[in-house]
Structure formats: C-alpha cells, structure tokens
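Each chain, written out:
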Amino acid sequence: MSGQPEQVTGPDSVSSAGEEHGPTFWILLGVGWIAIAIGLFGVFDHPRQASAFNVFRLLVGLNIVNDAIVIPVLLLVAWAVRRWAPAWCLVSVQVWLIVGGIVTLYAYPLVGSYGKARANASQLPFNYAHNLLIVLGCITVACGLLAYRSWRKERTRRASLEECG
Amino acid sequence: MWDAGRCCAGALVPGLSDPTDGGVPAPPDRSLSLRRVVVQMQRFGMGGPDRLRHLTAPFEARAARTVAKFRHRFHSPLHSEWLAAVMGIALGVSFTVCFLTGMVDYLAQNPPTWFHLPVHPINLYRVTEGIHVLTGIVAIPLLLAKLWVVYPNLFSYPPVHGVAHALERLSLIPLVGGALFELATGVANITYWYSPMPFNFTTAHFYVAWIAIGGLIVHIGAKLTLTRAVVSGRHSGEAMPAVEATVTPMVPAPANESSARGLSRRGLLATVGAAAGVLFVTVAGETVAPLRRLALLAPRNPVIGPQSLPVNRTAAGANVIAEALSPDYRLVVDGNCRRPRSFTLDELRSLPQRSAGLPISCVEGWSAAASWRGIPLPVLLAIVGAPQSSQIMVESIESQERLYANSIIDPQHAADSDTLLALELNGETLDLDHGFPVRLIAPDRPGVLQTKWIKHVVVL
C-alpha cells in the first residue's frame, strides 16, 4: 500500500464488466424504492406526529452539514496532523483523535445535560463531564502506550542504522 | 456496499487527459452530460448543433478538469473501495439488525390488531430494545468513518451516467440522510434531548427507518458485485482482477508521497472498532448488568432511582400526587363483566397476591429487573366475572389526553398470572414515582405501556 498508486475500482468499471446493473440490481432498486415510498407515505400520512417539513429539514440538513462542513473540517484536521505530528506518534494521535472525537460527539448531549429533568434524579444521573474526562484519559493512556512503543521501535531502528555505519 | 453513487471512481470525460492530473485514462462516455443535452436539442431543432457544441464544450471540459484535479488531491490510502466495502458490510449488518429490532419495538409500543409480543420469554422486549439501541450506538463510528472514506467519490463528472446510475445516486440522499437522521435522533432520544426534534420521535424515527433501509437496499444492489469480490478475497484494496482492464486509477499517489505514514486501512478499521468498543462498554451497562460499573456514559443506571429502580415520568411531572395519595382512592373495575365493582386500597391488599421478577424495559434502551408483588390480573378478572380471553384497558389517574395515560392489554397477557396489578416493589409499598397505589407490570411490554397510578380497569 505504501507509496504505491491507489487503485480504486468504481461503479464504472464494474458496470463495464456487465454485472452491476443486472436483474439483481433492478430488483433491489425496485424493492428499495418501495421501502422509501413507504417511509415517505408514513411521514406525510402523520402530519400531527411527524411534520414532514421538520423531518425532511433535519434529514436533508444532516446530509448537507456532513458533506459541506463536518468532513471538510475533518480533512483539514487530518491534513494538519499528518503535516505536523512527528512520525513516531502520528498513528497514536490519529487514533486518539478518532476514538476521542467520536466518544465526545456521542457524549455531547449528556455533558450538556440538555435532557436533564430537575425532579427526576434517576434521569442522566451522573456527572458526565467528569466521566467523559475519565474515558478520554483512558484513551489517552492507551494511545500514549502505543506512541511509546513506536518511539522505542524508531529509536532501535535508528541505533541499528548508526551501527551499520 | 454503502457508498453507491459516491463511488464514481474515475468518472472523467474522454479526451481530458490533462498532463497535470497524471494522465488519467477515461472510461467510455455514457454521460447525461451537456453534450447529450445538445444532441437532444438538435433533434428538436432548437439550435445549430455545431454552434451549441462549440459553446458548451469548453465549460464541460473545464468542469471535468476541475473535478479531476480535486479528486486527485485525495491520495490517502484510506479512501479506498476495499475499506468502503468492508465498512459497508458492517454497516449493512448493523442497520439491518437495527431496522428489524426497531420494527418489533415499534409494533410492541403501537400494537396494531394483528400484532402482539408473546408473553414468554419475559425478556424478549428487553433484549430486542437493548440490541436496537446498542447496535445503533455502535454504528455511529462505523457510519462516520464510512462517510469519510467515500467522501472523494461525491465528486465526479459527469455526476450521473444513465438512468440506473441516476436512481442509484438519488437513493444516496435517503440513505445517508436517513442513516444520519436515525442515529442523531436516536442519541437525542436516549439522552432525553427533545428540542432538536420538533416532531414525535417514535413516528418520525419509524418512518425514516423505512427511508434509510430503502436507500440501503438500493445501495446493496449497486455494490453487490464489489462486495462479493471483497468477501471472496478477489479485491485486496487494489484493482479488482475481474474488472482490472477497465479500472481507472482514481488517486494515484505521487511516488514521494508520505501516504505510508499514519494509519493503514486495517489500522483505521481497528480504530473504528475500538471507538465502537469504547461506546459499547461505557453505555451497555444500562441494560447489561455485568457492565454496570463501566457505564460511565449511560443515560441511566439501572439501580439509581426510587427503590433502586429508575423512573421515566415522576408523579410530580404527571401531576397525580394529590389524587394518588387521596384517602378516597378507589380502583374501579367495569365494562364487559358480570360484577363490576370498585376496590379501596385495603381491599386490594386483602386479595390474593403473587410475586414475580419482571423487567422494566424502556424505549430509550435501559432496562432493569425487579421483584414485584400484586394481584394477578386473571384473579381480578375472575372476581368481577369477566369473560375468558377478554381484552383489557387500564387507565391512569393522569389526564387521559396525555400520551400513554392508558394502555390496552391483549388477551394473552390478560390471562397470564405474571401480569400483575402491582402494589409492592422490591419488598416495599410502591413509591409514588413508581405508580402508587397501583400500577401494571407485565412481561414483554414496553415501559410506557406499564401504566402507573391506575384508577380504572375496563373489560373490553
């Protein structure tokens, strides 16, 4: 994989092989769009419970936010990390960012306590900011160990190179 | 398998092998491009063909070159079809499990006449709901990583090439939007954060699940060939032998590019798995008892609450305190029975009692088992002379205009001796927040249908 051109086979090529748009594709296409139609009908058929405008605003909005904001920002972060992180800890930093970022994203509404009911102590019962820090701390320790291992490997490799002259 | 139209690898226009883009070869022209529109317009006599072609060709060429240059920048080995296919398989499995368990849970909560969960095993609803929520949480890192991996394929020129491809790409809107919608609203619901959802959660979540699963089915159809190749080992992340002759290198990395640095494809898979594992371990304890101590990010702890059991709606929140504590409280049993009557709390306590260990299982995914004691519903129905196989409705003290202020008990549950009108929980009189003076507890029913503060039992 390293340093080699990345070969990616896409739908074009598969289509060229004459397999992609065969009967199975058309059957699943039909079944899939029937399921989509059921969902659309259900949303429009329950205007009081599920305002179609509000549902589709969120559905399309999440699509746009993901493609236009979230992923470009992540790509920028990934580029910056690759550019500035030392080679021996790059993987550890990437792992830390991915795992920590996803856990933080999930925990966001918990830490914000947006759903906390004052009169119900059993609902969101923990100090989630504290707990998130504990989880992130564990992830940091694991990634630190990973980085330490990489650093030792790198040091050993350099030492052996120097010995060889 | 998840990335259908996003994976339009190498969809460049013929004759645009720009020296700056590495001389990328182009596939056959099957586009619905401007040029085709021009041809159609010619047929209808809407303009001079040569002139129109002359006018549009530069724009078309420029667009194709821009897209090609942009895609050329994504030279990380992590943007690969192999990774997309493997993640697609995992997502396909998790979303299918989520969809099927979600169907069961929705039907259990909003039962039509033709559906009811069996009374036994008593943990069936608990298991399906737990699997539904936990699978959804585990799918979060999978979905985000998958969308990141296939992101470059969002950009292709021409955007569609044929009706089938157009329909396939169109299905990505319901697929991606639906998947994000389901996971986002699911997390918002289990954390009781309703303000971003200006709609009824269960209704919207149910029908958008159909939209998302429909998009997934179309996508599976489009990606079946590629996925089979990955599963059978014919696709190693490089060119797929079966179609090698037609492969277009999407992102040839420069020879001196440091793409070897950082995470490998398998490394990213392992990292995504680790993120899913961390989420599972820190949340699952709200329903999987052995993991309770690790449930740092669970919205519930199954032993925190009045009488060591969580509560969703409190007595204060339901505005029932005065009536529930009133000395004039009576449980009225009437409807289609021979001896309708009402019972004081002392009379209820003097009736035959039974203990049962039954779980409370909530749609938010938490569940907890407890020891309940009360009057078996069949005993009460026999006292009032209700016919066999009756359907029962129980009504709460709550305003009947509130959602779930009453619930229907199907004949199978009504005839089961584990279905109790409970007076005690874990050896103590029911706490007010748990439904004092009388609440329903039955096997395999969603928590919202275990009606609390019961004042009226109607034999239907």
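As the structure is a computational prediction, the values presented were derived from the model and not from experiment.

## Some words on the overall build of chain B
Alright, step 1. If you tally the helices and strands in chain B, you get 13 helices and 10 strands.
Alright, step 2. When the 460 residues of chain B are sorted by exposure, 52% land in the buried category.
Alright, step 3. The contacts in chain B between residues at least 6 apart in sequence include a share of 72% that link residues at least 24 apart.

## What about helix H8 (residues 265-283) of chain B?
Alright, step 1. Helix length check: H8(B) (19 residues) gives 27 Å between terminal C-alpha atoms against 27 Å at 1.5 Å per residue, within 8%.
Alright, step 2. Among all positions of H8(B), only Leu268(B), Thr271(B), Val272(B), Ala275(B), Ala276(B), Val278(B), Leu279(B), Thr282(B) and Val283(B) are buried. Mapping the buried residues of H8(B) onto a view down its axis gives an arc of 155 degrees, with all of them on the same face.
Alright, step 3. Packed against the buried residues of H8(B) are helix H4 (87-112) and helix H5 (128-163) of chain A together with helix H3 (81-109) and helix H4 (124-149) of chain B.

## Concerning the sheet that holds strand S5 (residues 392-396) of chain B
All names here are of chain B.
Alright, step 1. Taken in spatial order, the 5 strands make up an open sheet running S2-S1-S10-S5-S6, and their pairing is mixed. In this open sheet, the two edge strands, each paired with only one partner strand, are strand S2 (341-343) and strand S6 (406-409). Pairwise comparison of adjacent strand axes, ignoring direction, gives a mean angle of 20 degrees for this sheet.
Alright, step 2. Relative to S2, strand S1 (residues 331-335) runs antiparallel, the two being bridged by 3 bridges. Its bridge partner being in S2, Leu331 is matched across the sheet by Phe343.

## What about the domain arrangement of chain A?
Alright, step 1. The domain architecture assigned to chain A consists of domain 1 (23-84) and domain 2 (85-165).
Alright, step 2. At the junction of the two partners, domain 1 of chain A supplies 4 residues and domain 2 of chain A supplies 5 residues.

## Remarks on the nonpolar core
Alright, step 1. Among the nonpolar cores identified, the biggest contains 98 residues, and Leu279(B) and Leu297(B) are the most heavily contacted of them.
Alright, step 2. At 17 residues, helix H7 (residues 201-231) of chain B tops the list of elements feeding residues into this core.
Alright, step 3. When neighbours within four sequence positions are excluded, Leu297(B) is seen to be in contact with Tyr106(A), Ala107(A), Leu110(A), Tyr128(A), Asn131(A), Leu132(A), Val135(A), Thr282(B) and Val283(B).
Alright, step 4. Counting residues in each nonpolar core, the second largest holds 37 residues, with Trp372(B), Ile392(B), Ala414(B) and Phe436(B) among its members.

## Regarding the packing of H4(A) against H8(B)
Alright, step 1. Contact pair H4(A) / H8(B): the axes reach a minimum separation of 9 Å and the direction vectors enclose 35 degrees. Considering the relative orientation of H4(A) and H8(B), their crossing is right-handed. Contacts between H4(A) and H8(B) involve Val91(A), Val95(A), Ile98(A), Val99(A), Ile102(A), Val103(A) and Tyr106(A) from the former and Gly267(B), Thr271(B), Ala274(B), Ala275(B), Val278(B) and Leu279(B) from the latter.
Alright, step 2. When the residues that make up the contact of H4(A) with H8(B) are grouped by side-chain class, the tally is 11 nonpolar, 2 polar and no charged.

## Here we look at H4(A)
Residues and elements named next belong to chain A.
Alright, step 1. Relative to the 38 Å expected for 26 residues at 1.5 Å per residue, H4 spans 36 Å between its end C-alpha atoms, a close match to the ideal helical length.
Alright, step 2. Helix geometry: H4 is bent most strongly at Tyr106, by close to 45 degrees, with proline Pro109 lying one to four residues after it.
Alright, step 3. Remark: Ser113 follows H4 within two positions and exhibits a positive phi of approximately 50 degrees.

## What to know about the domain arrangement of chain B
Residues and elements named next belong to chain B.
Alright, step 1. When the domains of chain B are assigned, the result is domain 1 (4-252 + 262-284) and domain 2 (315-459).
Alright, step 2. Taken together, the contact pairs 18 residues of domain 1 with 18 residues of domain 2.
Alright, step 3. At 6 residues, H4 tops the list of elements feeding residues into the side of domain 1 that touches domain 2.
Alright, step 4. Residues that form the side of domain 1 that touches domain 2 fall into these classes: 9 nonpolar, 6 polar and 3 charged.

## Thoughts on the packing of helix H6 (residues 172-190) of chain B against H7(B)
Residue and element names in this part refer to chain B.
Alright, step 1. Packing of H6 against H7 leaves a shortest axis separation of 8 Å and a crossing angle of 145 degrees. Along this stretch, H6 crosses H7, giving a crossing that reads as left-handed. Facing H6, whose interface residues are Leu172, Pro174, Leu175, Gly178, Ala179, Phe181, Glu182, Thr185, Gly186 and Asn189, H7 presents Phe201, Ala204, His205, Val208, Ala209, Ile211, Ala212, Gly214, Gly215, Leu216 and His219.
Alright, step 2. When the residues that make up the contact of H6 with H7 are grouped by side-chain class, the tally is 12 nonpolar, 8 polar and 1 charged.

## A short note on the pairing of S5(B)
Residue and element names in this part refer to chain B.
Alright, step 1. Here S5 shows a clear split, with Ile392, Val394 and Ser396 buried on one side and none of Met393 and Glu395 buried on the other.
Alright, step 2. Pairing analysis gives 4 bridges linking S5 to S6, with the strands arranged antiparallel. Looking at S6, one finds that Ile392 is bridged to Ile409.
Alright, step 3. By the bridge criterion, 5 bridges tie S5 to strand S10 (residues 454-459) in an arrangement that is antiparallel. Paired with Val394 across the bridge in S10 is Val457.

## Let's talk about unusual backbone geometry
Glycine aside, residues mostly have negative phi angles, and peptide bonds mostly take the trans form.
Residues and elements named next belong to chain B.
Alright, step 1. Put simply, His120 and Pro121 share a cis peptide bond, and its omega is 0 degrees.
Alright, step 2. Within the secondary structure, Pro121 sits in the loop between H3 and H4.
Alright, step 3. The residue after Phe436, namely Pro437, is reached through a cis peptide bond having omega 10 degrees.
Alright, step 4. Position of Pro437 relative to the elements: it lies in the loop between strand S8 (428-429) and strand S9 (439-441).
Alright, step 5. At Gln307, a position not held by glycine, the phi torsion is positive, near 55 degrees.
Alright, step 6. Mapped onto the elements of the fold, Gln307 is located in the loop between H8 and helix H9 (315-318).
Alright, step 7. Residue Gln307 is classed as partly exposed on the basis of its 16 C-beta neighbours within 10 Å.
Alright, step 8. Although it is not a glycine, Asn319 sits at a positive phi angle of roughly 60 degrees.
Alright, step 9. With respect to the secondary-structure elements, Asn319 resides in the loop between H9 and helix H10 (321-325).

About the criteria used
Residues numbered from 1 in each chain as written. Chains lettered and ligands numbered in written order. Predicted model: local features only at pLDDT ≥ 70, side-chain atom pairs only at ≥ 80, totals over all residues. Helix = DSSP H or I, 4+ residues; strand = E, 2+ residues; numbered from the N terminus. Buried ≥ 20, exposed ≤ 12 C-beta atoms within 10 Å, placed from the backbone. Contact = placed C-beta atoms within 7 Å. Expected span 1.5 Å × (residues − 1). Arc of directions from axis to C-beta. Pairing = 2+ DSSP bridges. Axes fitted to C-alpha atoms, helices over the stretch in contact; angles between N-to-C directions. Domains from an automatic or database assignment. Core = buried A, V, L, I, M, F, W, Y, C linked by C-beta atoms within 7 Å. Left-handed = near helix turned anticlockwise from the far one by under 90°. Nonpolar A, V, L, I, M, F, W, Y, C, P; charged D, E, K, R; others polar. Bend = angle between axes of the 7 residues up to and from the residue.

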